[in-house]
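Tertiary structure, described
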Amino acid sequence: MTASRSVILGLVALPLVYFTAFFLVPLMTVFVASLTDAQQGGMTFSNYARILLDEYHWSVIAVTFRLGILTTLICIVLGYPLAWYLVRIVKWRTWRRICVILLVLPLFTSNIVRSFGWMVLLGRNGLVNETLQAGGLIERPIRFLGTETGILIGLVYILLPFVVLTIGNALAKVDHSLEQASADLGASSASTFWHVTFPLSIPGVVSGSIIVFALAVSAYVTPALLSGGRVTVLAVLVFQQYSSVFNFHYGGALAITLLVFTLLMIAIASLVSRLGAR
Amino acid sequence: MAIRFLIRVLAIMTLAYLMLPLIVIIGASLTTSEFLAFPPQGLTLRWYEVVVLDPTYVDSFVTSAILAMLATLVAVALAVPAALAIARHDFPGKAAFSSLLLSPLVLPHLVLGAALLQFGSSIGLVRNFSALLVGHVVIVTPFVLRTVLPLLSREQQTLEEASRDLGADAFTTFFLVTLPQIRSGIISGAIFAFITSFINVELSIFNTTASLNTIPVQLFNYVQYSVDPTIAAVSAATILAAVVAIIVLDLTVGLDFLSENE
């Protein structure tokens, strides 16, 4: 590299200072506070003990991660066929373009607005219950709001486009000559799919899953609106501590717990995908 | 062929599922009834009139728009030099530098919001516009970095070297050779950045007040207690804003990214 040190410094300095001051340092502040005793000061693990030795907190963690895992699985099951449709089945470019716009539109709309739409749809007299009743499928309205099912419907809805985009990108990159070769060698189209195309699309599935899972376990708005306060997830606990209780020590420990669990799951997912790719 | 048909049906149904809540909101915002109704009872634009005449909504809209615009500008100013450094130079800690700038993408925004509140309260940076801006810049910068980086390819570098060899200085080379090549990345990154800031709740919610509010946070506060056609009208307005943003994105950089390159 011929560039002088000053050029590099000139390019790096501002972003580095900014991200240190307003990203790294604030996170460190939370971490330090989570390890500090609320009353006496001094280092302590009591804030974490309060979370990890308590049954209630584990049940909240369980709900959070159950919702995260289910959301991810359902997103893949619904997202894969849609991605396949957009990449492989749609031949008319304009229609594909419209579909992609429809897919991205929810991403460009606030979580509030989208969850609000579901509040209207899933209510006691909402369109979903009325349709199910009119169709004779149920006798009395099902309660969706304030249940894990309601939150799940909302989370899947909000995160589905991410999976479709990542899987779609992976499918678009698959080399057709490999599938051709498989067919020429006598494989059925199902067998070509399972042995050639699907494995090649796994990186897209994994990166989509990681995004969805990370966003699902840390989602605050959707659970807050669709739970009506009846179902508690980790993010809701964090918010309560910072917005109304103002206990930065216990709140910090909750925030770090959420962060660590999220990063841990992401690490496991990428490890599994790397092992699977071998 | 039966499977193909099944996929087609499933895909169309999934697309319909994606559209449903948005259609419901737009429909409900047109109702003539005093309460939220879908299908709407009659058609009227009077709820939009109520919104436009309500200064708190207008103020929040303006705050959100200015906030998103400034956050995007700062993000571009931070991300483009960072991308140039990462793509063109070797320096110690390069990998750490790039993951530092990209990590807000996977970090829960709520955790970052809480962290900035706690840190900000120790230096007096709370519940004002600067506090909002500081946080928004952190979460939107990675979007610009991620769209600009892939455009700074090796072939690109030889063009820059040719420009330098022909006697152009660093600034001329940047503006005449590099910038035109990464322009589409900057535009699409900036649009994603703008939207991400414009719809954010998790970060803003810690630093908004009754007099300084962003539109999503204001909606969030209302929706938790009451739902009426006014809320639907505000929501529908943000959906229309999103439609405009997507059309701009489609026309400038093209959204045809799920097609196969054959």
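For chain B, an unreviewed UniProt entry supplies the name ABC transporter permease and the organism Billgrantia endophytica. The heading Sequence similarities (unreviewed entry) in the UniProt record of chain B holds the text "Belongs to the binding-protein-dependent transport system permease family."

Looking at an unreviewed UniProt entry, one finds chain A named ABC transporter permease, with Billgrantia endophytica as its source organism. UniProt lists a comment for chain A under the heading Subcellular location (unreviewed entry), and it reads "Cell membrane". The UniProt entry for chain A carries the following text under Sequence similarities (unreviewed entry): "Belongs to the binding-protein-dependent transport system permease family. CysTW subfamily."

Right, let's talk about the packing of helix H1 (residues 5–34) of chain A against helix H5 (residues 109–123) of chain B for a bit. Look at H1(A) against H5(B): their axes get within 8 Å of each other, and the N-to-C directions meet at 85°. Between H1(A) and H5(B), the angle is such that the two are roughly perpendicular. Seen from H1(A), the contacting residues are A:Ala21, A:Phe22, A:Phe23, A:Val25, A:Pro26, A:Leu27, A:Thr29, A:Val30 and A:Ala33; seen from H5(B), they are B:Val111, B:Leu112, B:Ala115, B:Leu116, B:Gln118 and B:Phe119. Its residues assigned to classes, the contact of H1(A) with H5(B) comprises 13 nonpolar, two polar and no charged.

It is at 10 Å that the axes of H1(A) and helix H6 (residues 129–148) of chain B come closest, and there the two elements cross at 115°. It follows that H1(A) is roughly perpendicular to H6(B) by the angle criterion. The element H1(A) and its partner H6(B) pack so that their crossing is left-handed. Residues A:Tyr18, A:Phe19, A:Phe22 and A:Phe23 of H1(A) pack against B:Leu133, B:Val134, B:Val137, B:Val138 and B:Thr141 of H6(B). Considering only residue class, the contact of H1(A) with H6(B) consists of eight nonpolar, one polar and no charged.

Conventions adopted
- Residues numbered from 1 in each chain as written.
- Chains lettered and ligands numbered in written order.
- Predicted model: local features only at pLDDT ≥ 70, side-chain atom pairs only at ≥ 80, totals over all residues.
- Heavy atoms only, no water.
- UniProt positions renumbered as here; feature names shortened; annotations may be inferred.
- Axes fitted to C-alpha atoms, helices over the stretch in contact; angles between N-to-C directions.
- Helix = DSSP H or I, 4+ residues; strand = E, 2+ residues; numbered from the N terminus.
- Parallel < 35°, antiparallel > 145°, perpendicular 65-115°, else oblique.
- Contact = heavy atoms within 4.5 Å.
- Nonpolar A, V, L, I, M, F, W, Y, C, P; charged D, E, K, R; others polar.
- Left-handed = near helix turned anticlockwise from the far one by under 90°.

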